[in-house]
Amino acid sequence: MAKYIFITGGVVSSLGKGVAAASCSALLQSRGYTVHARKFDPYLNIDPGTMSPFQHGEVYVTDDGFETDLDLGYYERFLGIKLTRNDSVSGGRIYWDVLNAERRGDYLGATVQMIPHVSNKIKEYIAAPTNTDFVVCEIGGTVGDIEGKIFLESIRQFANDVGRKNVMFVHLTLAPYLEKSGELKTKPTQMSVRELLENGIQADMLIVRTPRVLSADERAKIGMFCNLPAKNVISGIDVDNIYKIPLAYDAQHVFDIIADHFDLPSAVGNMDKFQRIEHYLGADLPRVVIGVVGKYFDVPDAYKSLNEALFHAGMQNNVHVELKKINAETFTPDDAIDVDGILVPGGFGTRGVSGKIAAAGYARENKIPYMGICLGMQVAVIDFARNVLGISDADSTEFSKNCTPIINIMPDHNSGNMGGTLRLGAYPCVIKPNTLAHQIYGTDNISERHRHRYEMDISWADKFADAGMIISGRSPDGRLPEMIELTDHPFFIAGQFHPEFQSSPYTGHPMFNAFIAAAAKHTVK
Ligand code: GLN
């Protein structure tokens, strides 16, 4: 049976439970254990797909086409694992399941209650088989949230069901530093752990977010008040890059604490891949400036996976990638002059589209390396249709109803009737030989994740190709353009998919790696 680690948080939200959970998992992996990760979000949305990036940050997409919280991205990247729709579970989804079961009559006339019906449903998701040594479950929100209560109750029951020795409770808190008195305050941590205890959960390890390392006295004090050994109180210091956190935890013997709890043999981990990242971060390397033409910049996490992918690609190319945020809503071609590459990411709705089309055109004309993601492919196609083929009213039907529709909703393609709904998740793509796309991926068949509604109309393929924009990747049935590129350009490529969801901090992603390599070359010139 798998061992379970539950991560909860208290005092304030946004303490970085996802990164903490991923970092603990990385330590387990570094000792040869296999780990699966799950996220439970108590809120009532059925899934985060409908939540605005302005409020909630990026919507992450799994291979199986589920729209999830961005923490799933941390898990997949950090741990190199693939997660599914059953690893991102919201309160709304739990109630939806329970109420549907009630309507079907599954409960055979019983009174349907929070306990046991809702708690059993939560435990069902927790216990879904994984074939790994560990399952790390993050409980979203903060201890004390009303909608989180039933989740705490469920993990309490779960520990009782499977045996306390098979479950570890890790709690994240905050110890604020008071400038005036020069003191680190532990009271909020004590209160948060007490609140957890009121729900029947004794924390086994505390990760205390603090501006400076906790002293031995402070750890002893927290340990005493919170009913756990002082050695199980860890300092969660702010770092400038999340990949340093596994190293910081390792230095504080977090693995030994976990091993002690579960009676595992002590072991030294192989932390090479994190050390390599730390070394890269401190290295003096050339800078490559990428202009990202977007509209969600006020939300720090809105382009999370994209920022990660660019960072990974910088590492693979031994350069530091600097992002220049270019506001799509105000962009005029003059703004982009001092960048080494232009990237137009995904997006929905009309706002900022004309700026994005202009940016694609600017990259095309000035031979600046260009990478387009999803909407970034569509705007490149629209620019080409308007300004190279001379179809002045060329557009996507998402933005204009009275246009020559180059981008349209394509019902009935091979993946079923998509009319009106998003194409979500991993789809195969066949790459044309002797193209930039083929050179980048080095293979004929790839799989990338999608999240969009509109497609380029393939019937334009010949006209575009004759003028210099070719379709270098298609769906296996040949009907959906998946990648485009310019033949007479040093590097101009775009995909209808989101490659950023599959970029790894340890190997990067072929498309991003090639884009940054091209941008680095552009700088040198
Ligand atoms: N809005 C476009 C579509 O729905 C692009 C979506 C995206 O970039 N993710 O097709």
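For the structure itself, look to the data block above.
Every value quoted in this text rests on a predicted model; they were computed, and no experiment measured them. (Residues numbered from 1 in each chain as written. Predicted model: local features only at pLDDT ≥ 70, side-chain atom pairs only at ≥ 80, totals over all residues. Heavy atoms only, no water.)

(A) Just the overall build of the protein chain, in detail. Assigned secondary structure in the protein chain consists of 17 helices and 23 strands. Over its C-alpha atoms the protein chain spans a radius of gyration of 25 Å, differing by no more than 12% from the 24 Å that the globule rule assigns to 525 residues. Along the first, second and third principal axes, the C-alpha atoms of the protein chain reach 75 × 65 × 45 Å. The buried share of the protein chain, taken over its 525 residues, is 58%. Just so you have it, the protein chain exposes about 21500 Å², and 51% of that area is on carbon and sulfur atoms. (Helix = DSSP H or I, 4+ residues; strand = E, 2+ residues; numbered from the N terminus. Rg over C-alpha atoms; globule rule 2.2 N^0.38 Å. Buried < 20%, exposed > 50% of the residue type's maximum accessible area, 1.4 Å probe, protein only. Areas by Shrake-Rupley, 256 points an atom, 1.4 Å probe, with all protein chains shown as cover.)

(B) Just the packing of aromatic side chains, in detail. According to the stated counting rule, one finds 20 aromatic pairs in the structure shown. On the basis of an interplanar angle of 90° and a centroid distance of 5.9 Å, the ring pair of Phe 274 and Tyr 506 is categorised as edge-to-face. Here Phe 274, found in helix H11 (residues 272–282), pairs with Tyr 506, found in the loop between strand E23 (492–495) and helix H17 (510–524); they are 232 residues apart in sequence, far enough to count as distant. By way of ring pairs, the aromatic residues Phe 78, Tyr 243, Phe 274, Tyr 280, Phe 311 and Tyr 506 are connected into one cluster. Over the aromatic face of Tyr 506 sits the side chain of Lys 273, whose NZ or CZ is 4.3 Å from the ring centroid. In this structure, Arg 423 packs its charged tip against the face of Tyr 427, placed 4.8 Å from the ring centre. (Phe/Tyr/Trp six-rings, centres within 6.5 Å; stacked < 30°, edge-to-face > 60°. Lys NZ or Arg CZ within 6 Å of the ring centre and 35° of its normal.)

(C) How the structure looks around the side chain of Ser 305. Relative to the assigned elements, Ser 305 resides in helix H12 (residues 304–316). A distance of 3.0 Å separates polar atoms of two side chains, one belonging to Ser 305 and the other to Arg 77. Once residues within four sequence positions are removed from consideration, Ser 305 is found in contact with Glu 58, Tyr 60, Arg 77, Glu 500 and Phe 501. (Polar contact = N/O pair within 3.5 Å; in protein donor to acceptor, adjacent residues only side chain to side chain. Contact = heavy atoms within 4.5 Å.)

(D) Region of interest: helix H8 (residues 216–226). Taken as a whole, H8 has its buried residues at Glu 218, Ile 222, Gly 223 and Cys 226. Down the axis of H8, the sector holding all buried residues measures 135°, keeping them to one side. Residues of H8 that are exposed and angled more than 90 degrees away from the buried face: Ala 216, Asp 217 and Met 224. Buried-residue contacts for H8 involve strand E9 (183–184), helix H7 (187–198), strand E10 (205–210) and strand E11 (233–237). Note on H8: the residue one or two positions beyond its end, Asn 227, has a positive phi of about 70°. (Arc of directions from axis to C-beta.)

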